[in-house]
Amino acid sequence: MTKRKGGHKGKKITLKAAKNSIRITFDGKRRLDLSKMGIAAIPKCLLKICDIEELDLSRNFIRKIPDWIQRFQNLRWLDLHTNQIEKLPESISQLHNLLYLNVCNNKLGINGIPMELSHLKNLRQLNLGLNSIDVLPTILGNLKELNEMSLFDNQLTSVPPSIIKLPKLKKLNTKRNPIQNPEEKTEEKQQETVHRVPELHLVNEKDLCSPCLAKFQMDKSKLKKVKNLMTFAMKTPFSNNLVSPNSTVKETILN
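None of these values were measured; they are calculated from a predicted model.

**Observations regarding the overall build of the protein**
Logical step 1: A tally of helices and strands in the protein yields five helices and eight strands.
Logical step 2: Counted from the first residue to the last, the protein has its helices and strands arranged as α-β-β-β-β-β-β-β-α-β-α-α-α.
Logical step 3: Look at the contacts in the protein between residues 6 or more apart in sequence, and 35% of them connect residues 24 or more apart.
Logical step 4: For the protein, the computed accessible surface area is about 16,600 Å², with 53% contributed by carbon and sulfur atoms.

Printed below as a string of structure tokens:
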């Protein structure tokens, strides 16, 4: 369908058509699949079947999620990706059984994510990728059951520590933001710790002070003895009467 001036007009969905689009999932849940239907507005007739557990409205032209979405109290899976949504309603926080929420590839910005989203205490997966988000509410750190969060292709310059430290979070995707992946930062920090060494300066012996020169010559002499002993040990066959090379080296250094 082509877009008209002032926005996409959208296709009308009847209650009968909606009921015919309900499928039973492998675990016995009822899923209403209205994806790729050319819908511009969520039809209010869906309230007649608001006891469904899964709702797929992806790949449409939806701009607004109505407040009455809170009536879908059994909803555990909500897919809204690839629409034109600019803001999520505060009422979405009333979906207490929601486990999966996908709003990837929309038009969410700084004001598009309500603080109330943090009330979804049972949420396991949250996909906010491919939007225009540059700041995340720190209160999203209250989503203690979250194990996967996607933030890729946004405008984030940082991720709140409260989110990074979520106790059950296993996957955090922040690719293609103007920040580094937190996991990459951690890895770089570890590598820096491993490879960091004190600064070394090369000087001529003549530039050393008397105490430093004496210490240098003593250390140099010890190293030379160790080298000679190791060379001797490698060339001489071992026998029960010989002292082990390590013991000889240790004794020489101590003396």
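**Observations concerning the packing of aromatic side chains**
Logical step 1: According to the stated counting rule, one finds two aromatic pairs in the structure shown.
Logical step 2: Ring centres of Trp77 and Tyr100 lie 5.2 Å apart, and the angle between their planes is 10°; this geometry places the pair in the stacked category. Of the two residues, Trp77 is situated in strand E4 (residues 77-79) and Tyr100 in strand E5 (residues 100-102); the sequence distance between them amounts to 23 residues. Grouping residues by exposure puts Trp77 and Tyr100 together as buried.
Logical step 3: If you follow Arg31 out to its NZ or CZ, it ends over the ring of Trp77, 4.2 Å from the centre.

**Focus on the pairing of strand E2 (residues 30-33)**
Logical step 1: Bridge analysis of strand E1 (residues 22-24) against E2 gives three bridges, and the strand direction is antiparallel. In the strand pairing of E2, Ile24 is matched with Arg30.
Logical step 2: Joining the antiparallel neighbours E1 and E2 is a turn of five residues, in which Gly28 adopts a positive phi near 85°.

**Structural notes on the environment of Lys144**
Logical step 1: Tracing the backbone through its elements, the reader meets Lys144 in the loop between strand E6 (125-127) and strand E7 (148-150).
Logical step 2: In this structure, the C-alpha to C-alpha distance between Lys144 and Leu169, residues 25 residues apart in sequence, is 8.3 Å.
Logical step 3: In this structure, Lys144 is in contact with Leu166, Pro167 and Lys168, ignoring residues within four places of it in sequence.
Logical step 4: Within polar-contact distance, the side chain of Lys144 engages the backbone oxygen of Gly141 at 3.1 Å.

**Side note on the confidence of the model for the protein**
Logical step 1: Within the protein, residue pLDDT values average 83, and 74% of them lie at 70 or more.
Logical step 2: Contacts of residues 238-245 to residues separated by more than four positions or lying in other chains number six contacts, the stretch itself having pLDDT below 50.
Logical step 3: Segment residues 247-255: pLDDT under 50, and nine contacts once partners within four positions in sequence are set aside and those in other chains are kept.

Calculation notes
- Residues numbered from 1 in each chain as written.
- Predicted model: local features only at pLDDT ≥ 70, side-chain atom pairs only at ≥ 80, totals over all residues.
- Heavy atoms only, no water.
- Helix = DSSP H or I, 4+ residues; strand = E, 2+ residues; numbered from the N terminus.
- Contact = heavy atoms within 4.5 Å.
- Areas by Shrake-Rupley, 256 points an atom, 1.4 Å probe, with all protein chains shown as cover.
- Phe/Tyr/Trp six-rings, centres within 6.5 Å; stacked < 30°, edge-to-face > 60°.
- Buried < 20%, exposed > 50% of the residue type's maximum accessible area, 1.4 Å probe, protein only.
- Lys NZ or Arg CZ within 6 Å of the ring centre and 35° of its normal.
- Pairing = 2+ DSSP bridges.
- Polar contact = N/O pair within 3.5 Å; in protein donor to acceptor, adjacent residues only side chain to side chain.
- pLDDT = per-residue confidence, 0-100.

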